[in-house]
Amino acid sequence: MDKYPDQKRAVQYLYPPIEPFDQRILDVGQGHRIYVEQCGNPNGVPVVVLHGGPGGGCSPAMRRYFDPTVYRVILFDQRGCGRSRPYASVEDNTTWHLVSDIETIRRTFDIEQWMVFGGSWGATLSLLYAQAHPDRVMHLILRGVFLMTQSELDWFYGGGAGKFWPETWARFANLIPENEHGNMIQAYHKRLFSGNMTEEIRYGRAWSAWENALASIHSNGSTGESPGEYARAFARLENHYFINDGFLEFDGRILANMGRISHIPGVIVQGRYDMICPPSSAWKLSELWPMSELKMVRNAGHALSEPGISAELVRAMDRIAEQVT
């Protein structure tokens, strides 16, 4: 018997694998076409899943956090990533384009209200979508909260997390001349958008490796090399959003607008030792959100695949299922 329940592998907490009953490419305008799929119960409670990144794409594992007899699960690849096209494009690719795309999906499927489930950047996007369309959201389920603030970017790209992972940070930082270390996002931006594909892949892999190395509490700081095309797309999209402050009008916008969604019930699942999105953001969010429940998961980091995180998310969706069915 496990000493601690979350020592099991994450997959043990998930529902069995399922296949989509609907897959399509949706034209959302400005030359962008996004991949969308539906799985589970076609007549079930609708829930849209917002992946992380930006640029991470959705995966088959994300279907498995929901009872397929209860939920109608909608997943999509955000602009420029996964099976959406044009790939790695940052043209007409902003937070507000993504919020609009979510609404396009909702209207396309003729859904009046739905639940919104998102982690990391997906949590950011979930909150911004809910604040823009509070009448369309019946429940928010968030993981690894990221509020798109300068202090969070400074933590991860300004050396804060690097104090815990100095050897891993060195691999990330040493690719950049020392006189550019004061703004690593800008320094990487110059190289990720240089027009030299070899250089863009090299720096894309380094950018992705820094994040991947810190995702799990069980990490030893090293990761396998990501496929070049994926790493380049992921890094370009993420860097594009971060260098533009998430396209938000001011720092702290999400917390300042929590009054717009104070009536929406929510669950926040946060790893206690999340090195990418430290728990202080989740705590601040919960303090301003009276209808939220904060679940701080011990022995867990950032990744969706952390056993404790997966267990808590499945439990949350099962509890909500009992309330709505």
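These numbers were taken from a predicted model, which means no experiment stands behind them. (Residues numbered from 1 in each chain as written. Predicted model: local features only at pLDDT ≥ 70, side-chain atom pairs only at ≥ 80, totals over all residues. Heavy atoms only, no water.)

Q: Which residues make up unusual backbone geometry, and what values go with them?
A: Following G53, the chain continues into P54 via a peptide bond in cis, with omega recorded as 0°. Along the chain, the position of P54 falls in the loop between β3 (45–50) and β4 (71–76). With omega at 0°, the peptide bond leading from R85 into P86 counts as cis. By the secondary structure assignment, P86 is in the loop between β4 and α1 (95–108). Non-glycine residue Q30 carries a positive phi angle of around 55°. For Q30, the location among the structural elements is in the loop between β1 (22–29) and β2 (32–40). What makes Q30 partly exposed here is its relative accessible area of 45%. Although it is not a glycine, A88 sits at a positive phi angle of roughly 65°. Classification of A88 by relative accessible area gives buried; the value is 3%. (Helix = DSSP H or I, 4+ residues; strand = E, 2+ residues; numbered from the N terminus. Buried < 20%, exposed > 50% of the residue type's maximum accessible area, 1.4 Å probe, protein only.)

Q: With reference to specific residues and values, describe the packing of aromatic side chains.
A: One pass over the full model with this rule turns up 21 aromatic pairs. Seen from their ring centres, W169 and F172 are 5.4 Å apart, and the 45° between their planes marks the pair as tilted. With W169 and F172 both in helix α4 (residues 166–173) and three residues apart, this pair spans about one turn of that helix. Side by side, W169 and F172 carry an identical accessibility label, which is buried. Ring geometry for Y241 versus F247: centroids 5.4 Å apart, planes at 85°, classification edge-to-face. With a relative accessible area of 1%, Y241 lands in the buried category. Given the relative accessible area of 22%, F247 is considered partly exposed. (Phe/Tyr/Trp six-rings, centres within 6.5 Å; stacked < 30°, edge-to-face > 60°.)

Q: So what's going on with the pattern of salt bridges? Which residues, and what values?
A: Evaluation of the coordinates by the stated rule reveals 16 salt bridges. Here E103 and R106 are joined by a salt bridge, their closest N and O atoms 2.7 Å apart. Within this pair, E103 and its partner R106 are both found in helix α1, separated by three residues, close to a single helical turn. For the pair E103 and R106, one class covers both residues: buried. A salt bridge links E200 to R236; the shortest N-O distance between them is 3.5 Å. Taken as a pair, E200 in helix α6 (residues 197–213) and R236 in helix α7 (residues 228–243) lie far apart in primary sequence, 36 residues in all. (Salt bridge = Lys/Arg side-chain N within 4 Å of Asp/Glu carboxyl O.)

Q: An account of the nonpolar core is requested, with residue identities and associated values reported.
A: Ranked by internal contacts, the top residues of the largest apolar core, which has 68 residues, are L127, L140 and W207. Sort the elements by how many residues they give to this core and helix α2 (residues 121–132) lands first, with seven residues. Here this core spans two domains, and each of domain 1 (6–149 + 247–322) and domain 2 (151–246) adds at least three residues to it. Residues in contact with W207, not counting those within four places in the same chain, are Y157, F172, I185, Y188, L192, F234, A235, E238, N239 and F242. Residues C39, Y71, V267 and A316 belong to the second largest nonpolar core, which totals 31 residues. (Core = buried A, V, L, I, M, F, W, Y, C linked by side-chain atoms within 4.5 Å. Domains from an automatic or database assignment. Contact = heavy atoms within 4.5 Å.)

Q: Describe in detail the UniProt feature "domain: AB hydrolase-1" (unreviewed entry) in the protein chain, supporting the description with residues and values.
A: UniProt feature "domain: AB hydrolase-1" (unreviewed entry): in the numbering of this structure it lies at residues 46–304. Annotated as residues 46–304, this span is 37% helix and 14% strand, and its ends, taken at the C-alpha atoms, are 21 Å apart. (UniProt positions renumbered as here; feature names shortened; annotations may be inferred.)

Q: An account of the pairing of strand β8 (residues 292–297) is needed here, citing residue identities and associated values.
A: Pairing analysis gives six bridges linking strand β7 (residues 266–271) to β8, with the strands arranged parallel. Opposite I268, over in β8, you have L294 as the bridge partner. Remark: the β7/helix α9 (residues 280–287)/β8 crossover connection has right-handed handedness. (Pairing = 2+ DSSP bridges. Right-handed = clockwise from strand over helix to strand, strands pointing away.)

Q: Mind laying out the pairing of β3, listing which residues take part and the relevant values?
A: Extensive coverage of β3 is indicated by the burial of six of its six residues. Covered by surrounding structure in β3 are V45, V47 and V49 together with P46, V48 and L50, the residues of both alternating faces. Examined bridge by bridge, β3 and β4 share five bridges and lie parallel to one another. Following the sheet pairing, V45 is matched in β4 by Y71. Where β3 and strand β5 (residues 114–119) come together, four bridges link them in parallel fashion. Within the sheet, the bridge partner assigned to V47 lies in β5 and is M115.

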